[in-house]
Amino acid sequence: NISTVPYPVVNVSNDTSICFGDQALLFASGGIDFRWIPASGLSDTRIFNPVASPPATTVYRVAVTDNRGCPKPSFDSVVVRVVPPVPAFAGNDTAIVVGQPLQLNASGGTGFQWTPSFGLNNPNIGNPVASLGEDFQYSVRVNTPEGCFAFDTINIRVFKTAPDIFVPTAF
């Protein structure tokens, strides 16, 4: 009698997205021997659950063999999509005259959170209006739809003089 041994049935974790610099736990089942490629960004290429921290979007392929008699592996793959670094920008440092409102303009994402919220008409938008009487520094957290974030700051110098023409003292 000849009996056939089926190839191992491989199951892998779902495709996933991570923020630049983060990591994802990969998972494979269906056998006893696992070989992941490429090795770049993996904690271990010969275990069923390596940690992946690739610098860019990567397709990881796993070969799985079992101990039921079939010497040939089955294959499957998982995509780890890397969201690029968030280019958070709070704006260039600037100066205003006391009592003059200042329109801030953050960029780099879709969600914004300014801190501290002192002097702002709305700290949860990218372009709030600031009204200040003292020098101040704001920090903005910029978010992406995937949940990635970065911070940036802006320094605001407040002149306590009446509006006038400021002439440089040196050229």
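Look up a bit, the structure's there.
Residues numbered from 1 in each chain as written. Predicted model: local features only at pLDDT ≥ 70, side-chain atom pairs only at ≥ 80, totals over all residues. Heavy atoms only, no water.

Turning our attention to the sheet that holds strand 5 (residues 33-37). Strands belonging to one sheet form pairs held by backbone hydrogen bonds; the direction of such a pair is parallel or antiparallel. The four strands lie next to each other as 2-8-7-5, forming an open sheet whose pairing is mixed. What marks the edges here is a single partner per strand, and that holds for strand 2 (16-19) and strand 5. For this sheet, the mean angle separating the axes of adjacent strands, direction not counted, is 25°. When strand 5 meets strand 7 (residues 58-65), the two strands line up antiparallel, connected through five bridges. From the neighbouring strand, arginine 35 faces strand 7, where its bridge partner is alanine 63. (Pairing = 2+ DSSP bridges. Helix = DSSP H or I, 4+ residues; strand = E, 2+ residues; numbered from the N terminus. Axes fitted to C-alpha atoms, helices over the stretch in contact; angles between N-to-C directions.)

Attention shifts here to the side chain of threonine 65. Summarising the element assignment, threonine 65 is placed in strand 7. If sequence neighbours within four positions are ignored, threonine 65 has contacts with Pro8, Gly31, Ile32, Asp33, Pro71, Lys72 and Pro73. (Contact = heavy atoms within 4.5 Å.)

Moving on: the state of the cysteines. Following the criterion strictly, the structure yields one disulfide and no others. The disulfide bridge from cysteine 19 ends at cysteine 148, spanning 2.0 Å between sulfur atoms. In this structure, the disulfide formed by cysteine 19 and cysteine 148 twists by about -100° around the S-S bond and is classed as left-handed. Within this pair, whereas cysteine 19 is found in strand 2, its partner cysteine 148 is found in the loop between strand 13 (136-143) and strand 14 (149-159), the two being separated by 129 residues in sequence. In this structure, cysteine 19 and cysteine 148 share a single accessibility class: buried. (Disulfide = S-S within 2.5 Å. Buried < 20%, exposed > 50% of the residue type's maximum accessible area, 1.4 Å probe, protein only.)

What follows covers the pairing of strand 13. Alignment of strand 11 (residues 111-115) against strand 13, held across five bridges, turns out to be antiparallel. Looking at strand 13, one finds that tryptophan 114 is bridged to valine 140. Direction of pairing for strand 13 relative to strand 14: antiparallel, over a ladder of eight bridges. Residue pairing for strand 14: phenylalanine 136 is matched across the bridge by isoleucine 156. Connecting the antiparallel pair strand 13 and strand 14 is a turn made up of five residues, with glycine 147 showing a positive phi of about 95°.

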